[in-house]
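Here is what each chain is made of, one letter per residue.
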Amino acid sequence: MQEATYSPGPGRRPVQRDGDLVCDICVIGAGSAGLSVAAGAVQMGASVVLVEKGEMGGECLNSGCVPSKAIIAAAAKAHLPRTSAAFGVTLGPAAVDHQQVHDHIASVIAAIAPHDSVERFEGLGVDVIKASARFVDPRVVEAGGRRIRARRFVIATGSRPAVPSVPGLADSGFLTNETIFTLTALPADLLIMGGGPIGVEMAQAFRRLGSTVTLIEKETILSRDDPQAVAVVRDALIADGVAILEGQGVASVSRSGDRVEVLLDGGDRISGTDLLVATGRRPNLEDLGLEAAGIATGPRGITVDARLRTTNRRVFAIGDVTGGPLFTHAASQQAGIVIRNALFLLPAKADYGALPRVTYTDPELAQVGMTEQEARKSGEPVEVLFAPFAGNDRAQAARRTEGFAKIIVGRRGRILGATIVGPGAGELIGLWALAMSQRLAIGAVAGLVLPYPTLSEISKRAAGSYYTPRLFGPTTRRLVGLIQRFVP
Ligand SMILES: Cc1cc2nc3c(=O)[nH]c(=O)nc-3n(C[C@H](O)[C@H](O)[C@H](O)COP(=O)(O)OP(=O)(O)OC[C@H]3O[C@@H](n4cnc5c(N)ncnc54)[C@H](O)[C@@H]3O)c2cc1C
Ligand SMILES: NC(=O)c1ccc[n+]([C@@H]2O[C@H](COP(=O)([O-])OP(=O)(O)OC[C@H]3O[C@@H](n4cnc5c(N)ncnc54)[C@H](O)[C@@H]3O)[C@@H](O)[C@H]2O)c1
C-alpha cells in the first residue's frame, strides 16, 4: 500500500504507565488495513502502537497483490511472441527461466517493502512490536510480554486460504497463495481448485509461462461478475490453452509419486504435478482473545457495524478479518473511516457503492457498482449502454478489439454500475468510480472531451449512446427542421 507520507515533526508517543504501554490507538496487524490506520493516525498526531506477528506488509505485499501482479507481468512478456506476428514482427519463442521469474517477483516485493517496514513506521513515530497480540480483557492487549492499554484498538489481522475438507487433500501436498510465489521451478502440470480471482489470474499466468493448466471450479468461474464479461475472459483463457472444468467439484485427492490425482464429483480423474488451492478465505480470528474482550464474530469474520465498530465499543475491525470486501483498496477506505471515528469522533460509515474491483487477467475485468443482473433484480427501470472495443480506434490499432464497456443507468441518467472487460479495463474503471462516488449523471461522462485516440474514449462512447435515441429522434428532427426555416 503506497499511502502518502507527511512529516509534521514529533507528535504524541505511547507512554509507560503502571507497567502498561499506554497509547491512543493500538493496531493489530501490519497488512494493508493496519498499516493505513497506523500511518494515518500517527501523522494526525495520535500515539500509536502497531503489533505484527509476521512480515510487515501482510498478504498484499508478501503473498497477494504484489507477487501476483509481478508474475502476471512476467507472463505478459512470455506471451508477446504469440501476438507479435500480426504486427509484422516475429519474435523467437519465449524461453522462461522460473528461477529468474522468482527473482523478479522477490525484487518487486523488495522494492516496495521499505514503505511498509518497521524502520519507516518507527520513523513516523509508531511503536512497532513484532509479536502475536491477544486481548486479556476488554481494554488490554498483550504482545511480546508487554501489556498495551489503548483508548481505541483496531483489529486488522487479515485472512488466510480456506482449504476445503476434501478427502485426501491435506495429505497430498498442495500450494496456496502463501507458497506458489516462492517456487523456483515452473510446475509442469498445474491443477487449480477454485475459479475465483486467484484461480483465474494464476491459471493464465502459469499457462503463459509454460505450465499445462487445468482450472477446476465447482460452479462457474468469476461467479460474482457479469456473465457476458466473464465469457470474454473465459474465451481468452481457453485461447491461451487453459483447460476449464466448470460445475465440477473435487470428490477426493491423492498423491502417487510425483503426481497428484484428483477425482471429480462426476467420476472423472485428472492428474498433475502440482495442485493450487484457491477456494476462498478464512478470517484470522484464532488466539486473539476475542471472548475476553467481548468481541462477537459471525460466519465471515468479526462482526462490525457500518462505522466498523465491533461489539466492544473501544475496538474497531477492518480489512479481510471482517469478511469483506476482500481488497487492499477496501482496507484503506475502511482505515479512513476508522480514523474519522476514532480520532475525530465523527460518525463516518462504510459505503461500498462506488468500490471498484478488477480481475487482472488479460483482458482485465473491472466492475464498479451494480452489474446488469444486480440492477435488474433491484426493480428500478434500467437502461444498458454498451460500447465494444471493436468500435474504438486505439483498440483497433493495438489489435485488442475483444471486450466491451457496459454501463447501467437508472432514472434520469443515474449511473448504477459499470462493467468493463478489455485491454486496460482496470485503469478505465477509475473514471466510473469517480462518477459514481460523486453521484454524477451519465451526461457528465458523455460531455467529457477525451484525447483521441485513447481506450478511455470507450467510456464516452458508451455514455453518449444514452442520448442517441433522444438526440436523433423525431423531436430533434422536427425542431431542426423548424429552426432551419428561419435561418437566412
Ligand atoms: C493471490 C492474491 C492476490 C490478490 N490480489 C489483489 C489485488 O490485485 N488487489 C486487491 O485489492 N486485493 C488483492 N488481494 C486481496 C488483498 O491481498 C487483501 O484484501 C488484503 O491484503 C487484506 O489486508 P488486511 O490488512 O486485511 O490483511 P493482511 O494483509 O493479511 O494483514 C494481516 C496481518 O495481521 C497479522 N496478524 C494476524 N494475526 C495477528 C496477531 N494475533 N497479532 C499480530 N499480528 C497478527 C498477519 O501476520 C498479517 O501481517 C489478493 C489476495 C491474494 C491472496
Ligand atoms: N484482482 C484482485 O483484486 C484479487 C485477486 C485475487 C484475490 N482477490 C481477493 O481475494 C479473495 C479470495 O480469492 P479466491 O479466488 O481464493 O476466492 P473466491 O471466494 O473469490 O473464489 C473461490 C472459488 O472457488 C470455488 N470453490 C470453492 N470450493 C471449491 C471446491 N471444493 N472445488 C472447486 N471450486 C471450489 C468457489 O465456487 C469460488 O468460485 C477474492 O474474493 C478477492 O476479494 C482479489
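Here, the structure is the one placed above.
These lines cover the structure that appears in this document, whether it is placed above or below.

Here is what the cut-offs are and how they apply
- Residues numbered from 1 in each chain as written.
- Chains lettered and ligands numbered in written order.
- Predicted model: local features only at pLDDT ≥ 70, side-chain atom pairs only at ≥ 80, totals over all residues.
- Heavy atoms only, no water.
- Near = heavy atom within 4 Å.
- Polar contact = N/O pair within 3.5 Å; in protein donor to acceptor, adjacent residues only side chain to side chain.
- Areas by Shrake-Rupley, 256 points an atom, 1.4 Å probe, with all protein chains shown as cover.
- Helix = DSSP H or I, 4+ residues; strand = E, 2+ residues; numbered from the N terminus.
- Pairing = 2+ DSSP bridges.
- Axes fitted to C-alpha atoms, helices over the stretch in contact; angles between N-to-C directions.
- Disulfide = S-S within 2.5 Å.
- Buried < 20%, exposed > 50% of the residue type's maximum accessible area, 1.4 Å probe, protein only.

1. Details of the site of ligand 1
Taken together, 37 residues form the shell around ligand 1, and within it A33, E52, K69, D320 and T328 come nearest. D320 places a polar side-chain atom, nitrogen or oxygen, 2.8 Å from an oxygen atom of ligand 1. The contact in question runs from an oxygen atom of ligand 1 to an N or O atom on the side chain of H329, over 3.3 Å. Its free accessible area being 1000 Å², ligand 1 has 92% of it covered by the protein chains. Sorting the residues of the shell around ligand 1 by element identifies α1 (32–43), β3 (48–52), α2 (58–63), α3 (65–84) and α10 (328–344) as the ones contributing at least two each. Broken down by element, the shell around ligand 1 gets its largest block of residues, four residues, from α2.

2. Some details on the sheet that holds strand β12 (residues 250–256)
Two pairing modes exist for strands in a sheet, parallel and antiparallel, and in both the strands are linked by backbone hydrogen bonds. Strand order across the open sheet formed by three strands is β12-β13-β14, with antiparallel pairing between neighbours. Two strands lie at the open edges of the sheet, namely β12 and β14 (269–272), each paired on one side alone. Going from strand to strand, the sheet's axes swing by 20 degrees on average, the running direction of each strand aside.

3. Things to note about the state of the cysteines
Under the definition given, this model contains one disulfide. Sulfur-sulfur distance for the disulfide between C60 and C65 comes to 2.4 Å. Here C60 and C65 share a disulfide; its torsion about the S-S bond, -130 degrees, makes the bridge left-handed. According to the relative accessible area criterion, C60 is buried, its value standing at 11%.

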